[in-house]
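Residue-level structure breakdown
As a plain string of letters, each chain reads:
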Amino acid sequence: VDGGLIASYLTEQVLSTLDDDTQELLLTLAFLERFNPELVNFVLDSPKAWGRIDSLSSFAALIVPLDAKGGWYRLHHLFAEYLREMLTRQSHEKAKSILLRASRWHAEKKQLVEAVRYAANAGDFGECEALILAAGGWKIILHDGIGVLRSALRLLPDDVIASSARLMIARAYLHCKYGEIPEARAMLDASELIVDERRPELCDTDKLVVESMINLYEDRTSWTESHSRIRNRYSDPDCLDALGWGTIRCEEVLIHLSRAEFDLASARLREAFSFMRQSASVLGLNYCYIHAAHTAFYKGDLATAAANVERAGKMA
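Notes on the structure follow. Remember, predicted model here, so these are calculated numbers, not experimental data.

Considerations on the overall build of the protein chain
Scanning the protein chain from terminus to terminus reveals 18 helices and two strands. Burial analysis of the protein chain (316 residues in total) assigns 49% to the buried set. For the protein chain, contacts bridging at least 24 residues in sequence account for 59% of all contacts bridging at least 6. Per element, the accessible surface of the protein chain, about 15800 Å² overall, is 52% carbon and sulfur.

As structure tokens, then:
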């Protein structure tokens, strides 16, 4: 039997017999990829919304548990698809409202990818941009990992990213971390053509860190000089936060190692550790331990180098 016909039959024959509140509950659930009591109550703006699940005995087989504890559920995909189509035909704005409230809930729970996905499904790419930038843009990599930033950016069309200087800078940093240096440079250069009038100071500091990183990764003979020029443009200690300065300090460790300036490398490394701890970036600290291993190795302290490699490995 065709699955769509089953969903249509259930909707028309059973949904039509339910009261308005229960119908609204089912239609809401259809737009949630997965749901738990707190999410349902939030999206419907009612502390009693989840309690109405008990009244859905006719649909019990279509509410699928997703974990052994029974905390998360989803609707049967065919049933949910039919309900979504029905509500979208009835009220596009209502469907959008459900998606954006779900996005807001996930954002409050620090679940960035889910928040961006719901906003993208609602067609609100301005909200997608705001969510990614509020989470830190390029900094997401050092707080939550490469996969989080990659997944969030993949949810946005290329033209949306191309219209935002800070999103382009974040993508440039992502290219950097994948070793795609020409792509990173091209993305950063393209971002220069976009005027960001909303928070120009944040755009400038984003460019500082990411341009400095690209200069480092390009490994050109002039990269240490170009890094110094960038660094000198930002002598104000308040122009970057702890994570920004921690990243810059890590880059400077490599500059000093390349010049065999081991004492200066150690000094910058101590500052990098301090900044990364202030920023609570575990991944940032991981980089520091790797750089500490490099520094100790070049200084001939193999025991300390090995200890730092082991620590970095455990953190990773």
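Past the structure itself, the notes keep going.
Considerations on the nonpolar core
Counting residues in hydrophobic clusters, the biggest one holds 59 residues, and the most contacted among them are Val116, Ile132, Leu149, Leu156, Val210 and Ile214. The element contributing the most residues to this core is helix H11 (residues 165-177), with nine residues. Judged by nonpolar contacts, the second largest core, of 36 residues, contains Leu29, Ile98, Trp105 and Tyr118.

Looking at the environment of Tyr118
For Tyr118, the position within the fold is in helix H6 (residues 112-121). Since its relative accessible area comes to 2%, Tyr118 is described here as buried. When the C-alpha atoms of Tyr118 and His106 are compared, they prove to be 8.9 Å apart, with twelve residues separating the residues in sequence. With near-sequence residues (within four places) excluded, Tyr118 lies in contact with Phe31, Leu32, Glu33, Arg34, Leu99, Ala102, Ser103 and His106.

Some points on the packing of helix H13 (residues 200-218) against helix H15 (residues 242-258)
Interaxial distance between H13 and H15 falls to 10 Å at its minimum, and their mutual angle equals 20°. Taken as axis vectors, H13 and H15 run roughly parallel relative to one another. For the pair H13 and H15, the sense of crossing is left-handed. Across from Leu208, Val209, Ser212, Met213 and Leu216 in H13, the residues of H15 making contact are Gly244, Thr247, Ile248, Glu251 and Leu254. Of the residues contributing to the contact of H13 with H15, the split by class is six nonpolar, three polar and one charged.

Observations concerning the packing of aromatic side chains
Tallied over the full model, the rule gives eight aromatic pairs. On the basis of an interplanar angle of 70° and a centroid distance of 6.2 Å, the ring pair of Trp72 and Trp105 is categorised as edge-to-face. Of the two residues, Trp72 is situated in the loop between strand S1 (63-65) and strand S2 (73-75) and Trp105 in helix H5 (residues 92-108); the sequence distance between them amounts to 33 residues. As far as the burial class goes, Trp72 and Trp105 line up, both buried. One aromatic cluster is present, formed by Phe35, Trp50 and Tyr73 through successive ring pairs. Here the guanidinium or amino end of Arg34 rests over the ring plane of Trp72, the centre of that ring lying 3.8 Å away. Over the ring of Phe42 we find Arg101, and its NZ or CZ is 4.6 Å from the ring centre.

A look at helix H9 (residues 146-154)
Within H9, the full set of buried residues consists of Leu149, Ala152 and Leu153. Along the long axis of H9, the arc covered by the buried residues comes to 95°, so they all point the same way. Packed against the buried residues of H9 are H6, helix H7 (125-134), helix H8 (140-144), helix H10 (158-162) and H11.

Describing a nonpolar patch on the surface
On the surface, Phe297, Tyr298 and Leu302 cluster together to form a nonpolar patch covering roughly 360 Å² of accessible area. Checked against the element boundaries, Leu302 lands in helix H18 (residues 302-315). With a relative accessible area of 52%, Leu302 lands in the exposed category.

Considering the pattern of salt bridges
Following the criterion strictly, the structure yields 13 salt bridges and no others. The salt bridge partner of Arg117 is Glu33, with a shortest N-O separation of 4.0 Å. Placement of Arg117 in helix H6 and of Glu33 in the loop between helix H2 (20-30) and helix H3 (37-43) is noted, with a sequence separation of 84 residues between them. The exposure class of Arg117 is partly exposed, given its relative accessible area of 25%. Salt-bridge contacts for Asp158 lead to Arg171; the nearest nitrogen and oxygen are separated by 3.5 Å. In this pair, Asp158 sits in helix H10 while Arg171 sits in helix H11, placing the two residues 13 residues apart along the sequence. On the accessibility criterion, Asp158 (55% relative accessible area) is exposed.

Remarks on the environment of Lys94
Along the chain, the position of Lys94 falls in helix H5. By relative accessible area, which is 34% here, Lys94 ends up partly exposed. Each residue touching Lys94, except ones within four places of it in the same chain, is listed here: Glu24 and Leu87.

Thoughts on unusual backbone geometry
With the exception of glycine, the majority of residues adopt a negative phi angle, and the majority of peptide bonds are in the trans configuration. Of note, Lys110 is a non-glycine position whose phi angle comes to about 65°, a positive value. Within the element layout of this structure, Lys110 appears in the loop between H5 and H6. On the basis of relative accessibility, which here comes to 76%, the residue Lys110 falls in the exposed class. Unlike most non-glycine residues, Ala260 shows phi in positive territory, near 60°.

Rules used in this analysis
Residues numbered from 1 in each chain as written. Predicted model: local features only at pLDDT ≥ 70, side-chain atom pairs only at ≥ 80, totals over all residues. Heavy atoms only, no water. Helix = DSSP H or I, 4+ residues; strand = E, 2+ residues; numbered from the N terminus. Buried < 20%, exposed > 50% of the residue type's maximum accessible area, 1.4 Å probe, protein only. Contact = heavy atoms within 4.5 Å. Areas by Shrake-Rupley, 256 points an atom, 1.4 Å probe, with all protein chains shown as cover. Core = buried A, V, L, I, M, F, W, Y, C linked by side-chain atoms within 4.5 Å. Axes fitted to C-alpha atoms, helices over the stretch in contact; angles between N-to-C directions. Parallel < 35°, antiparallel > 145°, perpendicular 65-115°, else oblique. Left-handed = near helix turned anticlockwise from the far one by under 90°. Nonpolar A, V, L, I, M, F, W, Y, C, P; charged D, E, K, R; others polar. Phe/Tyr/Trp six-rings, centres within 6.5 Å; stacked < 30°, edge-to-face > 60°. Lys NZ or Arg CZ within 6 Å of the ring centre and 35° of its normal. Arc of directions from axis to C-beta. Patch = residues over 30% accessible without salt bridge, like charges linked within 9 Å, V, L, I, M, F, W, Y side chains within 5 Å. Salt bridge = Lys/Arg side-chain N within 4 Å of Asp/Glu carboxyl O.

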